[in-house]
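# Structure at a glance
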Amino acid sequence: MTAAERVDDQHVDDRYLDYAGSFNRLEDEVCLAAPPESAMSELTADFSALAARVAEHRVDYDRRPTRYAGMSGLPHPILVPYEVHEDGPTSTSGTVEFGLRHMGNENVVHGGIISMMFDDFIGMFVSRSLGSGSSARTAYLNVDYRSMTPVGRPLSVSAEIASVQGRKAFVEARICDGETLCAEAHALFVCPADQMWPGVAGLGD
Ligand SMILES: CCCCC/C=C\C/C=C\C/C=C\C/C=C\CCCC(=O)SCCNC(=O)CCNC(=O)[C@H](O)C(C)(C)COP(=O)(O)OP(=O)(O)OC[C@H]1O[C@@H](n2cnc3c(N)ncnc32)[C@H](O)[C@@H]1OP(=O)(O)O
């Protein structure tokens, strides 16, 4: 069964996007609110009841739409949504928008979230480019934070494979706000030893 068939089974369509997107909205609001004690007790009960209702629909790992979130750009409770606009064998680019739930200091993105975004964006790109059958593992991810990254507006994100040496893929990536470089990453992704990059032809040593 392909990933697409598995997610088709789960109706990963506009209804799922609405469902997951509305949860993102809840996360944003939780991050911004300071409810008084009376409202907090009621909300705690509501959240517990909601969790129990969602738990009624638990499924195995391969049938979870969140399992494919990075591949389809679906909203996810933790990941940062992005869109890929151009995708080649050695480079990719698109836009990313961090939400209020990703805020560290006021109106700027928490640094750890930026690292996570790079890990997901680069990891998915490496998997698409070098072979979807293999699951690239992050060996290292070095992030340089060059200027504060704003929440709530589209930023550009891009990555390219600098070189492939055997099982090792060296990748560079960046997030920019217009002309301003917000953060850049230098990463090494390693293909597991029992696999080899299926799509590596022409990119290697
Ligand atoms: C939060 C919500 C998430 C929801 C997920 C939703 C959707 C996503 C679904 C699916 C994911 C699909 C795609 C991927 C998407 C995102 C990417 C995420 C990827 C990760 O998030 S993955 C977790 C973090 N990641 C690890 O958990 C790795 C732990 N680790 C290991 O698994 C091993 O450590 C490994 C495999 C790295 C290497 O082990 P190994 O035994 O295969 O090979 P070995 O050690 O021999 O290294 C081979 C050559 O790499 C060089 N090398 C190795 N490490 C190096 C380093 N740090 N610095 C410099 N060089 C290094 C050696 O020096 C040698 O080089 P040489 O060949 O030249 O001698």
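Residues numbered from 1 in each chain as written. Predicted model: local features only at pLDDT ≥ 70, side-chain atom pairs only at ≥ 80, totals over all residues. Heavy atoms only, no water.

### Quick notes on the overall build of the protein chain
In terms of regular secondary structure, the protein chain is built from five helices and six strands. For the protein chain, the α and β elements follow one another from N to C terminus as α-α-α-α-β-β-α-β-β-β-β. Relative to its 205 residues, the protein chain shows a buried fraction of 34%. Summed over its atoms, the accessible surface of the protein chain is roughly 11,900 Å², and 52% of this surface lies on carbon and sulfur atoms. (Helix = DSSP H or I, 4+ residues; strand = E, 2+ residues; numbered from the N terminus. Buried < 20%, exposed > 50% of the residue type's maximum accessible area, 1.4 Å probe, protein only. Areas by Shrake-Rupley, 256 points an atom, 1.4 Å probe, with all protein chains shown as cover.)

### Examining helix α5 (residues 111-130)
Over its 20 residues, α5 runs 28 Å from end to end, which matches the ideal 28 Å to within 8%, given 1.5 Å per residue. Across the 20 residues of α5, 14 count as buried, placing the element largely inside the fold. Two residues or fewer past α5, Gly-131 is found with a positive phi of approximately 140°. (Expected span 1.5 Å × (residues − 1).)

### Concerning the domain arrangement of the protein chain
What the domain assignment reports for the protein chain is domain 1 (3-63) and domain 2 (80-190). Between domain 1 and domain 2, the residue contacts involve five residues of the former and four residues of the latter. Our count for the domain 1 to domain 2 interface comes out at two salt bridges. We note a salt bridge from Glu-27 to Arg-101, for which the minimum N-O separation is 3.7 Å. Taken together, the residues of the side of domain 1 that touches domain 2 break down into two nonpolar, one polar and two charged. (Domains from an automatic or database assignment. Contact = heavy atoms within 4.5 Å. Salt bridge = Lys/Arg side-chain N within 4 Å of Asp/Glu carboxyl O. Nonpolar A, V, L, I, M, F, W, Y, C, P; charged D, E, K, R; others polar.)

### Remarks on the environment of Ser-163
Mapped onto the elements, Ser-163 comes out in strand β4 (residues 155-165). Sequence spacing of Ser-163 and Arg-67 is 96 residues, and the spatial spacing of their C-alpha atoms is 28 Å. Leaving out residues up to four positions away in the same chain, Ser-163 has contacts with Lys-168, Ala-169 and Phe-170. At a separation of 3.4 Å, a polar atom in the side chain of Ser-163 contacts the side chain of Gln-165. (Polar contact = N/O pair within 3.5 Å; in protein donor to acceptor, adjacent residues only side chain to side chain.)

### Section: the site of the ligand
Close contacts around the ligand come from 20 residues, with Arg-67, Asp-119, Thr-138, Arg-167 and Lys-168 the closest. At a separation of 3.0 Å, an oxygen atom of the ligand approaches a polar side-chain atom of Asp-119. Relative to its unbound accessible surface of 1,400 Å², the ligand loses 50% to contact with the protein. Every element with two or more residues in the shell around the ligand is listed here: α5, β3 (137-145) and β6 (180-190). Top contributing element to the shell around the ligand by residue count: α5, with five residues. By residue class, the composition of the shell around the ligand is eight nonpolar, six polar and six charged. (Near = heavy atom within 4 Å.)

### Points about the nonpolar core
Ranked by internal contacts, the top residues of the largest apolar core, which has 34 residues, are Val-96, Phe-98, Met-117, Phe-118, Ile-122 and Ile-175. Among the elements of the structure, α5, β4, β5 (168-177) and β6 are those that each provide at least two residues to this core. Broken down by element, this core gets its largest block of residues, 10 residues, from α5. If we ignore the near neighbours within four places in the chain, the residues touching Ile-122 are Leu-141, Ala-159, Val-171, Ala-173, Ala-185, Ala-187 and Phe-189. (Core = buried A, V, L, I, M, F, W, Y, C linked by side-chain atoms within 4.5 Å.)

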